Amino acid sequence: MNAAIHVLLVSASVSDETVLTTLLAREQIGEGVKLSAAASAQAFYDALYSEQSYEIIVVDDRQAWSDWPGIIATCAKNRPDALLALLSSVEQPQESALSQGVAAVYPRNSAGLIALTKLVGKLAAQERGFSLRQETDAFDEAEEAAEEERGKLVYAVSHDLQDPLQLARRYADVLNEDFEDALGESGAKVLDHLKFNLGRTQEMLDELLEYSRLQHSRPEKEPVDFNDLLDEVTALYKITLDEIGGSIIRQQSLPTLVVDRRQFLRVFQNLIGNAIKFRSDRPLHIAVRAQRVRNEWRIGIKDNGIGISEEDAGQIFGMFERGSAAADYPGTGMGLAICKRIVQNHGGKIWVRSSFGSGSVFIFSVPQADDAA
Ligand code: ADP
């Protein structure tokens, strides 16, 4: 029988630990792997100076208490036999990391965690003969190869967390209803906070599930008049628009395209909903226009809201990514990821042009032959 592989995860993120544990269990190597997590300087040093041997030490590059080269250097000195892996939040830093004793660099996202799980699996299977020093392509390969597994993981995690979350929400309701007197004023405040956060978690999970389903279902295509879609969404937001004195202007007639109607309703709803949510102090004007460019239609939704910084513009289509100015607005950061998935399901692209402070234009394309509709 092989001895268990011990992995030390130096990460302040509880979710990384949860995801890694789930992945290790799914790879069916869980029994052969023991994962310890160190989320603080104290826990890190306790682990490092303990009797426990670690075959792999994984260091997250975003630690509040030290920079990662410092942590790696401490590990290399005290645990010279351990394989050191870095979870990196910036792109492609492997050369500098490798020169500092890191054997493998993985992106700090689910694809990276999946690739890391595979490495642990290989070690657990005692395939120690393969060259760890050659793992330099891990970053690219991980991004490419893990898309499908990422989808499965997203589904499994969001699905499996529904039950315990609903149970927690039910218990919170019971506390609210049956223990009101015992809780007192400050207890009630804590409970409110708890309920708010459970509700938010539920919202995030629901959107994750929706995203995951979109990954696996094929669009049900039919000819859809985008004028009707826009009318429907405008009607949905009519009360809000009237209240804030905002307007939606159709700059020209929109095309009829063969798409999944429900999915593109969601796209319009998200994009127009965001234009309303991220409005500035100026009266809100939203303009919608369509243009045929070669073999595709492009539809643009322009607003005069708070805009998006150049740095944020590259990130906001990712799962749970929110712009730096978004903290004061409600939301989960999943809306644009869902839009991107829908547009990609139809062979198109979505992007944004924006100038911070003066507004944004979100544009999506739908490839379509002239006579398709
Ligand atoms: P959410 O709206 O829940 O934050 P989204 O995925 O819909 O999530 O949007 C991601 C981020 O993109 C937002 O948090 C915000 O920073 C930025 N964003 C999206 N639409 C707009 C817009 N019309 N104007 C300014 N910022 C926007």
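Up top is the structure.
Residues numbered from 1 in each chain as written. Predicted model: local features only at pLDDT ≥ 70, side-chain atom pairs only at ≥ 80, totals over all residues. Heavy atoms only, no water.

Caption draft 1: Spotlight on the overall build of the protein chain. Along the backbone of the protein chain there are 14 helices and 12 strands. The 373 residues of the protein chain split such that 45% are buried. In the protein chain, the share of contacts with a sequence separation of at least 24, taken over all contacts with a separation of at least 6, comes to 73%. When the accessible surface of the protein chain is split by element, carbon and sulfur atoms take 49% of a total near 19900 Å². (Helix = DSSP H or I, 4+ residues; strand = E, 2+ residues; numbered from the N terminus. Buried < 20%, exposed > 50% of the residue type's maximum accessible area, 1.4 Å probe, protein only. Contact = heavy atoms within 4.5 Å. Areas by Shrake-Rupley, 256 points an atom, 1.4 Å probe, with all protein chains shown as cover.)

Caption draft 2: Quick peek at the nonpolar core. Core analysis: the biggest nonpolar cluster contains 48 residues, and Phe-226, Phe-264, Phe-268 and Phe-364 have the highest contact counts within it. Looking at this core element by element, the count peaks at eight residues for helix α12 (residues 261-277). Inspection of this core shows a minimum of three residues originating in each of domain 2 (149-216) and domain 3 (221-367). Excluding residues that lie within four positions of it along the chain, Phe-226 makes contacts with Leu-254, Pro-255, Leu-257, Val-259, Phe-264, Phe-268, Ile-299 and Phe-364. In terms of nonpolar packing, the next biggest core, distinct from the first, is built from 25 residues, Val-19, Leu-20, Ala-104 and Leu-119 among them. (Core = buried A, V, L, I, M, F, W, Y, C linked by side-chain atoms within 4.5 Å. Domains from an automatic or database assignment.)

Caption draft 3: How the structure looks around the pattern of salt bridges. As enumerated under the stated definition, the model contains eight salt bridges in all. As a salt-bridge pair, Lys-195 and Asp-173 come within 3.5 Å of each other at their nearest N and O atoms. Here the residue Lys-195 occupies a position in helix α9 (residues 180-216), and Asp-173 occupies one in helix α8 (residues 162-178), the gap between them amounting to 22 residues. The exposure class of Lys-195 is partly exposed, given its relative accessible area of 28%. Judged by its relative accessible area of 32%, Asp-173 is partly exposed. (Salt bridge = Lys/Arg side-chain N within 4 Å of Asp/Glu carboxyl O.)

Caption draft 4: Focus on the layout of surface pockets. Its boundaries defined by the atoms lining it, the second largest pocket holds a volume of some 600 Å³. Considering the residues around the second largest pocket, the lining is formed by 36 residues, among which Asn-274, Lys-277, Phe-278, Arg-322 and Leu-336 are closest to the centre. Per-element tally for the lining of the second largest pocket: the top contributor is α12, with nine residues. Class assignment of the residues belonging to the lining of the second largest pocket gives a composition of 14 nonpolar, 14 polar and eight charged. (1 Å grid on protein atoms, 1.4 Å probe; cavity = no way out; pocket = protein on both sides within 12 Å on 5 of 7 lines; lining within 4 Å. Points joined across faces, edges and corners; volume = space filled by probe spheres on them. Nonpolar A, V, L, I, M, F, W, Y, C, P; charged D, E, K, R; others polar.)

Caption draft 5: Representation of the sheet that holds strand β2 (residues 33-38). With respect to topology, five strands assemble into an open sheet ordered β2-β1-β3-β4-β5, the strand pairing being parallel. Across the chains shown, the open sheet's two edge strands, defined by having one partner strand only, are β2 and β5 (104-107). For this sheet the average axis-to-axis angle between neighbouring strands, irrespective of direction, equals 20°. Looking at chain direction, strand β3 (residues 56-60) and strand β4 (residues 83-88) are connected through five bridges and run parallel. Bridge assignment links Val-58 to a residue of β4, and that residue is Ala-85. (Pairing = 2+ DSSP bridges. Axes fitted to C-alpha atoms, helices over the stretch in contact; angles between N-to-C directions.)

Caption draft 6: Focus on the site of the ligand. In the neighbourhood of the ligand, 21 residues make up the surrounding shell, with Asn-274, Lys-277, Arg-322, Gly-323 and Leu-336 lying closest. Thr-332 places a main-chain nitrogen or oxygen 2.9 Å from an oxygen atom of the ligand. Contact distances for the ligand include 2.8 Å between an oxygen atom and a backbone N or O atom of Leu-336. Isolated, the ligand exposes 530 Å² of accessible area, and the fraction of that covered by the protein chains is 96%. Of the pockets mapped on this structure, the ligand occupies the second largest pocket. (Near = heavy atom within 4 Å. Polar contact = N/O pair within 3.5 Å; in protein donor to acceptor, adjacent residues only side chain to side chain. Sits in = over half its atoms within 2 Å of the grid points.)

Caption draft 7: Focus on α9. The terminal C-alpha atoms of α9 lie 45 Å apart, and with 37 residues this falls more than 12% below the ideal 54 Å at 1.5 Å per residue. Its axis deflected by about 85° at Ser-186, α9 carries its strongest bend there. Of the residues making up α9, those classed as buried are Gly-187, Leu-191, Leu-198, Gln-202, Leu-205, Glu-207, Leu-208, Leu-209, Tyr-211, Ser-212, Leu-214 and Gln-215. (Expected span 1.5 Å × (residues − 1). Bend = angle between axes of the 7 residues up to and from the residue.)

Caption draft 8: Fine view of unusual backbone geometry. The residue Arg-294 is not glycine, and still its phi comes out positive at about 50°. As for its position among the elements, Arg-294 is in the loop between β9 (285-293) and β10 (296-303). Residue classification places Arg-294 among the exposed residues on the basis of a relative accessible area of 69%. Unusually for a residue other than glycine, Phe-320 sits at a positive phi of about 60°.

Caption draft 9: Up close: the sheet that holds strand β12 (residues 359-367). Ordered by their spatial adjacency, five strands build an open sheet running β7-β9-β10-β12-β11, and the pairing between neighbours is mixed. Looking along the sheet, the strands with just one partner apiece sit at the ends: β7 (247-250) and β11 (350-355). Between one strand axis and the next, the sheet turns through 20° on average, direction left out of account.

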